[in-house]
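Structural features, examined
So the chains spell out like this:
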Amino acid sequence: MSATTTNLGAHAPSDQGHDHGHAHGHDKSGTVIFGFWIFLMSDLIAFSLFIATYADAEWHGIASGPSPHQLFSLGLPTVETMALLISTFTFGICTLGMKYNATMRRTIGWLVVTLIFGAIFLGIELYEFHEFWIEGNTPQVSGFLSAYYALVGMHGLHVTSGIIWGLLLIVQMKTMGMTELVKTRLMRLGLFWHMLDIVWIALFTKIYLMGVLS
């Protein structure tokens, strides 16, 4: 009886330490996710300020430049929007597959498809900027155009950073495997990507749809 009691006592601290390690790991993960949500909220506030600036310049900053109705059409922006929506859908498949233990190859495959559609979105946006510049519609022409380039360009920079982030994650998946750390990073990228999709819907509605119909 004494030996048994001694052995149980010897194992007890080890189990407690193991449980404490798991609890500490969960607390740290929760803190990281919470911090990332704060980052997303602050990013949304920044976008809101840029949208407010654009809305004011749209009415009071035309100067001698073109109005939204004269400048914009729905053709290319609609294709852009479809590309970004498809990328959000494929990212959803990517994260669902990861959650339900899909193979790493399949997870990487869907992530690559997502990044390709993100690159298509950027390519169309840069082409549209190029066409505007050739026509002489540069940021120096009016406050409205300055606000437009700043707002849409800011979103484009976010998409660019998301693509780079995705490429780095692919490298990490290849080198580290599908560890919990890599999975958490992929989930955070997914939240970031979906936020950019929501922001773009707001931009498409405010800038292009309302601009053409005004």
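Residues numbered from 1 in each chain as written. Predicted model: local features only at pLDDT ≥ 70, side-chain atom pairs only at ≥ 80, totals over all residues. Heavy atoms only, no water.

A few points about the side chain of glutamate 58
We count it as follows: Secondary structure elements are defined from DSSP: runs of H or I of at least 4 residues count as helices, runs of E of at least 2 residues count as strands, and each element is numbered from the N terminus. The contact criterion used is simple: two residues touch if any of their non-hydrogen atoms lie within 4.5 Å.
Note that glutamate 58 resides in helix α1 (residues 2-60). What glutamate 58 contacts, discounting residues up to four positions off in sequence, is Pro68, Phe144, Lys206 and Gly211.

Thoughts on the packing of aromatic side chains
Two aromatic rings are characterised by how far apart their centres lie and by the angle between their planes. Spelled out, the test is: Only centres within 6.5 Å qualify two rings of Phe, Tyr or Trp (six-membered ring in Trp) as a pair; their planes then separate them into stacked at under 30 degrees, edge-to-face at over 60, and tilted for everything else. Here's how the labels work: a residue is buried when its accessible area is under 20% of the maximum for its type, exposed when over 50%, partly exposed in between, all with a 1.4 Å probe on protein chains only.
Counting across every chain of the model gives 19 aromatic pairs. An angle of 20 degrees between the planes, with centres 6.3 Å apart, marks the rings of phenylalanine 39 and phenylalanine 192 as stacked. Residue phenylalanine 39 is found in helix α1, and its partner phenylalanine 192 is found in helix α6 (residues 180-213); the two are separated by 153 residues along the sequence. On the basis of relative accessibility, which here comes to 4%, the residue phenylalanine 192 falls in the buried class. Relative to phenylalanine 144, the ring of tyrosine 54 lies with its centre 5.7 Å away and its plane at 50 degrees, an arrangement referred to as tilted. Taken together, the residues tyrosine 54 in helix α1 and phenylalanine 144 in helix α5 (residues 143-176) connect sequence positions 90 residues apart. Phenylalanine 144 shares its class with tyrosine 54; the two are buried. Ring-pair connections join several aromatic residues into one group, and the members of that group are Tyr54, Phe72, Phe121, Phe129, Phe132, Trp133, Phe144, Tyr148, Tyr149, Trp200, Phe204 and Tyr208.

Considering the packing of helix α3 (residues 75-99) against helix α4 (residues 104-134)
Filter applied, for reference: Angular values range over 0 to 180 degrees, each being the angle between N-to-C directions of two axes fitted as lines to C-alpha atoms, with helices fitted over their stretch in contact. Orientation labels follow simple angle bins: below 35 degrees gives roughly parallel, above 145 gives roughly antiparallel, 65 to 115 gives roughly perpendicular, and whatever is left gives oblique. A clockwise turn of the near helix away from the far one marks a right-handed crossing, whereas an anticlockwise turn of less than a right angle marks a left-handed crossing. Residues are grouped as follows: Ala, Val, Leu, Ile, Met, Phe, Trp, Tyr, Cys and Pro are nonpolar; Asp, Glu, Lys and Arg are charged; all remaining types, including Gly, are polar.
For the pair α3 and α4, the least separation of the axes is 8 Å and the interaxial angle reads 165 degrees. Here α3 is positioned roughly antiparallel relative to α4, judged by the angle of their axes. Considering only the axes of α3 and α4, their crossing is left-handed. Across the contact of α3 with α4, the residue classes tally to 18 nonpolar, 5 polar and 3 charged.

Overview of the side chain of threonine 114
Position of threonine 114 among the secondary structure elements: in helix α4. Looking at threonine 114, the relative accessible area reads 0%, which means it is buried.

Structural notes on the packing of α4 against α6
One way to put it is that α4 packs onto α6 with a least axis distance of 13 Å and a crossing angle of 30 degrees. In terms of their interaxial angle, α4 and α6 are classed as roughly parallel. Crossing geometry of α4 relative to α6 is assigned as left-handed. Here Thr107, Leu111, Thr114, Gly118, Phe121, Glu125 and Glu128 of α4 come into contact with α6, specifically with Leu186, Leu189, Trp193, Trp200 and Tyr208. Taken together, the residues of the contact of α4 with α6 break down into 7 nonpolar, 3 polar and 2 charged.

Here we look at the nonpolar core
In plain terms, the rule: Nonpolar core, defined: a set of buried Ala, Val, Leu, Ile, Met, Phe, Trp, Tyr and Cys residues in which side-chain atoms within 4.5 Å join the residues together.
By size, the foremost hydrophobic cluster in this structure holds 46 residues, and its most contacted members are Phe72, Leu111, Tyr148 and Ile207. Residue assignment for this core shows that the elements contributing at least two residues are α1, α3, α4, α5 and α6. Residues within four places of leucine 111 in sequence aside, it is in contact with Phe91, Cys94, Gly166, Ile170, Met173, Leu186 and Leu189.

Description of the UniProt feature "transmembrane region" (unreviewed entry) in the protein
As a reminder of what qualifies: UniProt positions are given in the numbering used here, feature names are shortened, and annotations may be inferred rather than shown by experiment.
Under the present numbering, the feature "transmembrane region" (unreviewed entry) in UniProt falls on residues 32-54, 74-96, 108-127, 147-171 and 191-209. Between the end C-alpha atoms of residues 74-96 there is a gap of 33 Å, over a span that is 96% helix and 0% strand.

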